[in-house]
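If you want the building blocks of each chain, they are given just below.
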Amino acid sequence: METTQTAPKKTLYSAIQPTGSITLGNYIGALRNFVLLADDFDCLFCMADLHALTVRQDPAALRRNTASLAALYMACGLDPEKSIIYCQSHVPEHAELAWILNCFTYMGELSRMTQFKDKSAKHADNINAGLFAYPSLMAADILLYQTNLVPVGADQKQHLELTRDIATRVNSLYPNLFTVPEAYIPKTSARIRSLSDPTRKMSKSDAEDSYIALLDAPDVIRRKFRRAVTDSETEIRYDPENKPGVSNLLSILAAMENVTPEEEEAKLKGCNYGALKEAASEAVISTLAPIQERYQALMGDKEHIANTLKSGAERAHYLAQKTLRKVYKKVGLYQL
Ligand code: ATP
Ligand code: LTN
């Protein structure tokens, strides 16, 4: 009898911090791609709550946001039976490997990270060592699972490159210890911009009017798009350099309709900015409606969320400890 052997799937890993409301930027740059790629990989999707602590959090809100992000992962289409959905702090190996990797990461490298510079400027009263070492914890997340592919937005590219450098550095001393991961960054929608200042990225820790939250009601979405900053011309043209506001709206609309921003530009030729804003609002509203409906249903069953995270943590822990054990042995920690 003929047996067909399927090659083992590669591993995909990504995480989002459970801070504030998940935005359309997080969805288009990251979450949506998790869902698109999930069937082709063995996947782990994490709630990066330890990373969230690098800026001050309200403990009750952090707990709530963590459960909410787990529900959103599922509402967007991630299946916890197939993918491992879990919380970073439930798997102690993350913090343990991060320590080891800190000892292989240079101060110079960490101080060049633009996220560190941005967040230090934003939280000048709390430039803590965790914020500085944030990328070594992120490298630990990824390397613990011998990850092949990491879907993220463009803002995380530098962290991914550092992860690859750390993995290569460790491997040069201890051959084949880590898989060196690749980033998966969408071409046109990797950096969705703020609606109120299109020179900056849309960020869930900025003012509410600057982002669309995945859980925003339709009238809120319409209002936010209506107020979105464009420019003083009238022509709808995809030109991110010179027309960041209009190009951002075209990117959002294109992402919702699975076409390119240039195709959207052609479709809207001769229309005014009002029509573009209206088209973007309606496309976003209809994409988010089923996600919001599933989210509400999932949030009504907290026990299901807790059970999902428990089983996710067990599965992740099993994989993580295999790598950590190897690392401890290779670097010379005394084994019992
Ligand atoms: P914070 O403002 O709290 O730093 P954030 O909105 O940047 O949060 P993260 O949790 O840091 O969100 O990011 C989660 C994922 O979303 C990452 O893969 C990140 O690259 C992606 N992402 C964040 N903002 C955008 C954006 N504006 N456009 C595209 N992708 C984004
Ligand atoms: N730093 C990421 C969140 C994150 C992450 C990861 C992403 C933490 N660990 C591992 C990919 C892989 C951010 O989006 N700010």
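A few points on the structure. (Residues numbered from 1 in each chain as written. Chains lettered and ligands numbered in written order. Predicted model: local features only at pLDDT ≥ 70, side-chain atom pairs only at ≥ 80, totals over all residues. Heavy atoms only, no water.)

A few points about empty space enclosed by the protein
Working step 1: In total, this model carries one cavity of 30 Å³ or more according to the counting rule given.
Working step 2: In terms of lining residues, the largest cavity is bounded by Leu-110, Met-113, Gln-115, Phe-116, Lys-119, Leu-131, Phe-132, Tyr-134, Pro-135 and His-159.
Working step 3: Breaking the lining of the largest cavity down by element, the ones donating at least two residues are helix H6 (114–122) and helix H7 (129–144).
Working step 4: Its residues assigned to classes, the lining of the largest cavity comprises seven nonpolar, two polar and one charged. (1 Å grid on protein atoms, 1.4 Å probe; cavity = no way out; pocket = protein on both sides within 12 Å on 5 of 7 lines; lining within 4 Å. Points joined across faces, edges and corners; volume = space filled by probe spheres on them. Helix = DSSP H or I, 4+ residues; strand = E, 2+ residues; numbered from the N terminus. Nonpolar A, V, L, I, M, F, W, Y, C, P; charged D, E, K, R; others polar.)

Remarks on the nonpolar core
Working step 1: Of all hydrophobic cores here, the largest spans 60 residues; its most connected members are Leu-24, Tyr-27, Leu-31, Tyr-73, Leu-214, Phe-225 and Val-284.
Working step 2: The set of elements that each furnish at least two residues to this core consists of strand E1 (10–16), helix H1 (24–37), strand E2 (41–47), helix H3 (59–75), helix H9 (218–227), helix H10 (244–257), helix H12 (273–299) and helix H13 (302–331).
Working step 3: Ranked by residue count, the leading element in this core is H12, at eleven residues.
Working step 4: Formed by 40 residues, the second largest nonpolar core is a distinct cluster that contains Phe-116, Val-150, Leu-160 and Val-170. (Core = buried A, V, L, I, M, F, W, Y, C linked by side-chain atoms within 4.5 Å. Buried < 20%, exposed > 50% of the residue type's maximum accessible area, 1.4 Å probe, protein only.)

Regarding the environment of Val-150
Working step 1: Looking at the element boundaries, Val-150 is found in strand E4 (residues 149–151).
Working step 2: Every residue in contact with Val-150, bar those within four places of it in the chain, is listed here: Tyr-13, Ile-142, Leu-160, Pro-181, Glu-182, Ala-183 and Tyr-184. (Contact = heavy atoms within 4.5 Å.)

What about the layout of surface pockets?
Working step 1: The space that makes up the largest pocket amounts to roughly 1,200 Å³.
Working step 2: As for the largest pocket, its lining consists of 44 residues, of which Gln-115, Lys-119, Asp-155, Gln-156 and Lys-201 are closest to the centre.
Working step 3: When residues of the lining of the largest pocket are traced back to their parent elements, those giving at least two are E1, H1, H6, H7 and E4.
Working step 4: Here the lining of the largest pocket takes five residues from H6, the largest share from any one element.
Working step 5: Of the residues assigned to the lining of the largest pocket, the class counts are 16 nonpolar, 18 polar and ten charged.
Working step 6: What the second largest pocket holds in volume is close to 200 Å³.
Working step 7: Taken together, 13 residues make up the lining of the second largest pocket; nearest its centre are Thr-11, Asp-42, Leu-44, Tyr-145 and Leu-319.
Working step 8: Counting residues per element, the ones that place at least two in the lining of the second largest pocket are E2 and H13.
Working step 9: Considering every element that reaches the lining of the second largest pocket, the biggest residue donor is H13, with four residues.
Working step 10: For the lining of the second largest pocket, the class distribution of residues is six nonpolar, three polar and four charged.

Brief notes about the site of ligand 1
Working step 1: By nearness alone, 20 residues border ligand 1, and Lys-119, Asp-155, Lys-201, Ser-203 and Ser-205 come closest of all.
Working step 2: Measuring from a nitrogen atom of ligand 1, one finds a backbone N or O atom of Ile-192 at 2.7 Å.
Working step 3: Side-chain polar atom of Lys-204 to an oxygen atom of ligand 1: 2.9 Å apart, as the coordinates give it.
Working step 4: For ligand 1, whose accessible area on its own is 600 Å², the fraction buried by protein is 96%.
Working step 5: Placement of ligand 1 is best described as lying within the largest pocket.
Working step 6: Counting residues per element, the shell around ligand 1 draws most heavily on H1, which supplies four residues.
Working step 7: Split into classes, the residues belonging to the shell around ligand 1 amount to six nonpolar, nine polar and five charged. (Near = heavy atom within 4 Å. Polar contact = N/O pair within 3.5 Å; in protein donor to acceptor, adjacent residues only side chain to side chain. Areas by Shrake-Rupley, 256 points an atom, 1.4 Å probe, with all protein chains shown as cover. Sits in = over half its atoms within 2 Å of the grid points.)

Quick notes on the packing of aromatic side chains
Working step 1: What the rule picks out here adds up to seven aromatic pairs.
Working step 2: Note on Phe-104 and Tyr-174: the rings are 6.5 Å apart at their centroids and 80° apart in plane angle, and the pair reads as edge-to-face. Of this pair, Phe-104 sits in the loop between helix H4 (93–102) and helix H5 (107–111) while Tyr-174 sits in the loop between helix H8 (157–173) and strand E5 (182–184), and the two are 70 residues apart along the sequence. Side by side, Phe-104 and Tyr-174 carry an identical accessibility label, which is buried. (Phe/Tyr/Trp six-rings, centres within 6.5 Å; stacked < 30°, edge-to-face > 60°.)

Quick look at the site of ligand 2
Working step 1: Taken together, 14 residues are adjacent to ligand 2, and His-51, Tyr-134, Met-138, Asp-141 and Gln-156 come closest.
Working step 2: Take Tyr-134: an N or O atom from its side chain is 2.6 Å from a nitrogen atom of ligand 2.
Working step 3: The side chain of Gln-156 places a nitrogen or oxygen atom 3.1 Å from a nitrogen atom of ligand 2.
Working step 4: Here ligand 2 occupies the largest pocket.
Working step 5: Of all the secondary-structure elements, those providing two or more residues to the shell around ligand 2 are E1 and H7.
Working step 6: Here the shell around ligand 2 takes four residues from H7, the largest share from any one element.

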